[in-house]
Each structure stands twice: as structure tokens, then as C-alpha cells.
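Residue-level listing of the chains:
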Amino acid sequence: RRAAALDDAARDAAAREEVSRRTMIDTQRRVVDALRDSLKTLRNSDLGVRIRADLGADYAELRDDFNTAMETLGRAIEVVQDSAGLIGSEASALVQAAGDMSRRTESQAAALAEISGNVTRLSESVQTTASSVREARGEADATESEAAKSAELVGRAVQAMTAIETSSNQIRSIVGVIDEISFQTNLLALNAGEEAARAGESGKGFAVVASEVRSLAQRSAEAAQEIKTLIADSDRRVGEGVGLVRQTTAANEAVMTAVDGIVQRIVAIVASTDKQSLALGEINDALTRLDTVTQRNAAMFEETSAASDKLLQGTTRLNQAIGRFVVSGGSGRAETRAA
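Notes on the overall build of the protein chain
Step number 1: Along its length, the protein chain carries four helices and zero strands.
Step number 2: Secondary structure elements of the protein chain occur, N-terminal to C-terminal, as α-α-α-α.
Step number 3: Taken over C-alpha atoms, the radius of gyration comes to 67 Å for the protein chain, far larger than the 20 Å a tight globule of 339 residues would show.
Step number 4: Across the 339 residues that make up the protein chain, the buried fraction comes to 23%.
Step number 5: Counting only contacts in the protein chain whose residues sit at least 6 apart along the sequence, the fraction spanning at least 24 positions is 87%.
Step number 6: On the protein chain, roughly 22200 Å² of surface is accessible, and the fraction owed to carbon and sulfur atoms is 57%.

Considering a nonpolar patch on the surface
Step number 1: Side chains of Ile-87, Leu-94 and Leu-311 sit close together on the surface and give an oily, nonpolar patch of about 240 Å² of accessible area.
Step number 2: Looking at the secondary structure, you find Leu-94 in helix H2 (residues 60-199).
Step number 3: The class of Leu-94 is partly exposed, set by a relative accessible area of 38%.

Some thoughts on the nonpolar core
Step number 1: Counting seven residues, the largest nonpolar core is built from Val-31, Ala-34, Val-49, Ile-51, Leu-55, Phe-66 and Met-70.
Step number 2: Going through the elements one at a time, helix H1 (2-43) and H2 are the ones with two or more residues in this core.
Step number 3: By size, the runner-up hydrophobic cluster in this structure holds six residues, among which are Val-133, Ala-140, Ile-266 and Val-270.

Description of the confidence of the model for the protein chain
Step number 1: Averaged over every residue, the pLDDT of the protein chain is 76; the share at 70 or more is 91%.
Step number 2: Across the protein chain, element-level confidence peaks in H1 with a mean pLDDT of 84 and bottoms out in helix H4 (residues 331-334) with 36.
Step number 3: Below pLDDT 50 for its whole length, residues 329-339 participates in 27 contacts with residues either more than four positions away or in separate chains.

Remarks on the environment of Leu-280
Step number 1: Its location among the elements puts Leu-280 in helix H3 (residues 204-322).
Step number 2: In this structure Leu-280 comes out as buried when scored by relative accessible area, which is 12%.
Step number 3: Taking the C-alpha atoms as reference points, Leu-280 and Gln-184, separated by 96 residues in sequence, lie 91 Å from one another.
Step number 4: If near-sequence neighbours (up to four positions away) are discounted, Leu-280 is found in contact with Val-119, Leu-122, Ser-123 and Val-126.

Remarks on the environment of Val-267
Step number 1: Looking at the element boundaries, Val-267 is found in helix H3.
Step number 2: Here Val-267 falls in the partly exposed class, since its relative accessible area comes to 27%.
Step number 3: Along the sequence, Val-267 and Ser-167 sit 100 residues apart, while their C-alpha atoms lie 47 Å from each other.

Structural notes on the side chain of Arg-63
Step number 1: For Arg-63, the location among the structural elements is in helix H2.
Step number 2: Reaching out from Arg-63, the side chain makes a polar contact with the backbone oxygen of Ala-53 at a distance of 3.1 Å.

Side note on the pattern of salt bridges
Step number 1: All told, the structure shown has ten salt bridges when counted by the stated rule.
Step number 2: For Glu-18, the salt bridge goes to Arg-21, with nearest N and O atoms at 2.3 Å. Of this pair, Glu-18 and Arg-21 both sit in helix H1, separated by three residues, roughly a single helical turn.
Step number 3: When its relative accessible area of 38% is taken as the criterion, Arg-21 is described as partly exposed.
Step number 4: The partner of Asp-26 in a salt bridge is Arg-30, with the nearest N and O atoms 2.6 Å apart. Placement of the pair is Asp-26 and Arg-30 together in helix H1, with a separation of four residues, close to one helical turn.
Step number 5: Linked through salt bridges whose partners overlap, the residues forming this network are Asp-26, Arg-29, Arg-30, Asp-33 and Arg-36.

Some points on H1
Step number 1: Between the first and last C-alpha of H1 there are 60 Å, a value that for 42 residues agrees with the 62 Å anticipated at 1.5 Å per step.
Step number 2: Those residues of H1 that sit buried are Thr-27, Arg-30, Val-31, Ala-34, Asp-37, Ser-38 and Thr-41.
Step number 3: One or two steps after H1, the chain reaches Ser-45, where phi turns positive at roughly 70°.

Analysis parameters
Residues numbered from 1 in each chain as written. Predicted model: local features only at pLDDT ≥ 70, side-chain atom pairs only at ≥ 80, totals over all residues. Heavy atoms only, no water. Helix = DSSP H or I, 4+ residues; strand = E, 2+ residues; numbered from the N terminus. Rg over C-alpha atoms; globule rule 2.2 N^0.38 Å. Buried < 20%, exposed > 50% of the residue type's maximum accessible area, 1.4 Å probe, protein only. Contact = heavy atoms within 4.5 Å. Areas by Shrake-Rupley, 256 points an atom, 1.4 Å probe, with all protein chains shown as cover. Patch = residues over 30% accessible without salt bridge, like charges linked within 9 Å, V, L, I, M, F, W, Y side chains within 5 Å. Salt bridge = Lys/Arg side-chain N within 4 Å of Asp/Glu carboxyl O. Core = buried A, V, L, I, M, F, W, Y, C linked by side-chain atoms within 4.5 Å. pLDDT = per-residue confidence, 0-100. Polar contact = N/O pair within 3.5 Å; in protein donor to acceptor, adjacent residues only side chain to side chain. Expected span 1.5 Å × (residues − 1).

Here it is in C-alpha cells:
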């Protein structure tokens, strides 16, 4: 009986052990099936998979850890997707902005090069103008010197005309004296002729002398009159010459004043042209430096544009890689069946 009892107890223990083994195998099968179904869903990039079946107390922690890991991974992938989308949008805008900036910088560099060339030509033109103005100043100085010499000659001519006018006045006075002497001689000759006529034969010789003296007095008077006429004409011409010389003096003084004004203006133009030439030189140097910086900026923007293209390509590949993941809405497909 004891043996039978022991045998029955052994059979009961074996049965219980078999039941326990079968229960454990069934539980493990449910766990494996749940994991298999979840991993299949996860293989399709669905991060919304969750194990919702009852796996028993021994595997509850495994189910909770899997669900928590999927939830954490889903949130992380969602953040990565949002960040990748934002980076892609910003990278696309950066590529477009870099391209626009590169084109604008190249256009600006071309415009600066053209402006620099124009300023260089303008500076050369201003320098040529300054050289011409300096030459004009030298010519104006020479003209002023010649005008001063001309004014001196005109002054000497005025003095000569004045001396001629004075001499003419003196000659007129002398001719007046000669005319007076002729008149007195003619009067004396008339008186001598009358006295010779009263003397008769004895006064004939004296009458002849008186007639000759009278004739000489008349010729002297005629010559004096002609001299007066010539002197009057000479005085008129001298007066006209003096007037013209005085007008020439006034005109020469006006020319001197105008030349002096022109010289002053030319001096001011020379100073202004020198300042303009210096300023244009500084502007040209600044434009040259700015053109160099712009060229460097253009090269930098080209490099930035290339880097932005690479960034956009990398972002596109990243979006394509993580875009396959579904972070929500997949719980229905991911639920694990019950045993």
C-alpha cells in the first residue's frame, strides 16, 4: 500500500509537472507569437506597435519594457522627423538664398569692376585736365606778362603822343611869331614902297628891295599858313592817336583785369582738380579693395551654395530614411492576439 501510495503520488507530481510544463510552453508560445507579430509590424517601419496581450506575470515586465521602448523610440523618431523636415525646409531656403546671394554678389562684383574702370578712366581724365589747366595757367601767366609789357608800351606811346602834342603847341607858337613877323615885314615893305615912290628916281632901287621884301614876307606868311594847316592836321591826328592810345590803355587795363581774373580762376580750378584727382584716387583704391572683398565673398557664397546643396541632399536622404517610420496610428496592426 505504501508503494501504491508512493506510486500515485509520483504520478500526481508528474501530472502536475506536465501541466506546469505545458502552461509554461503555452505562455512562452504566446510571448514568442506576440514578439513575432510586433517585430513583423516593426519591420514594416511602424513604430506604433504595442503588445497588448496578457503574457502572464512572468513576462509582464518584458511587455511593459517593449511597449515603453517603442513609445520612446516613436517619440524620438517623431522628433527626428520634425527636425529633419525643418532642416530640409531651411536647407532648401538656404540653398536658394545662397544661390541668389551668389548671383547678386557676382553681379555686384561685375558692377564694381565696371565702376572701378570708369573711376580709373575719370581719374586719368581729371589728371589730364589738371595738366591742361596747369599749361593754361602758364599760358595765362605769359599772357599777363605780355599784357603788362603791352601796357608799358602803350604808356610810353601815350607819353610820346603827349610830347608830340606839346611840341606841336610850341611849333604853333613859333609859327604865330613867324606869321606876325611876316605881317610886320609886309607892312614895313608897304611903307618902304610908299617912301620910295615919294623919293622918285633916287628911290627906285629901294622900291625894288621893298618889293622883294614884300614878296618874301608874303611867301613867309603863306608858308606859315601852310605850316599852321599842317600843324592843325597833325594836332588833330595826334589827338586822335592820343584818344586811341588812351582807349587802348583802357582796353589793355580791362584785359589785364580779365587775365588776372582768369588766372585766379585757373588757380582755383587747378587746386580743385588736384583735390578731385586725390579724392578719385582714394575712391579708386576703396573700390579696388571693395572689389577684392566682393570677389572673395562671391567665392565664399559659391562654397556656401555647394555646402548647402550637400546639406540639402543629406537632409533629403535622411528624410527618405526616417520617412518610412510610422509613429502613430499603427496600434491596431500592432496589437498581439491573445492565446
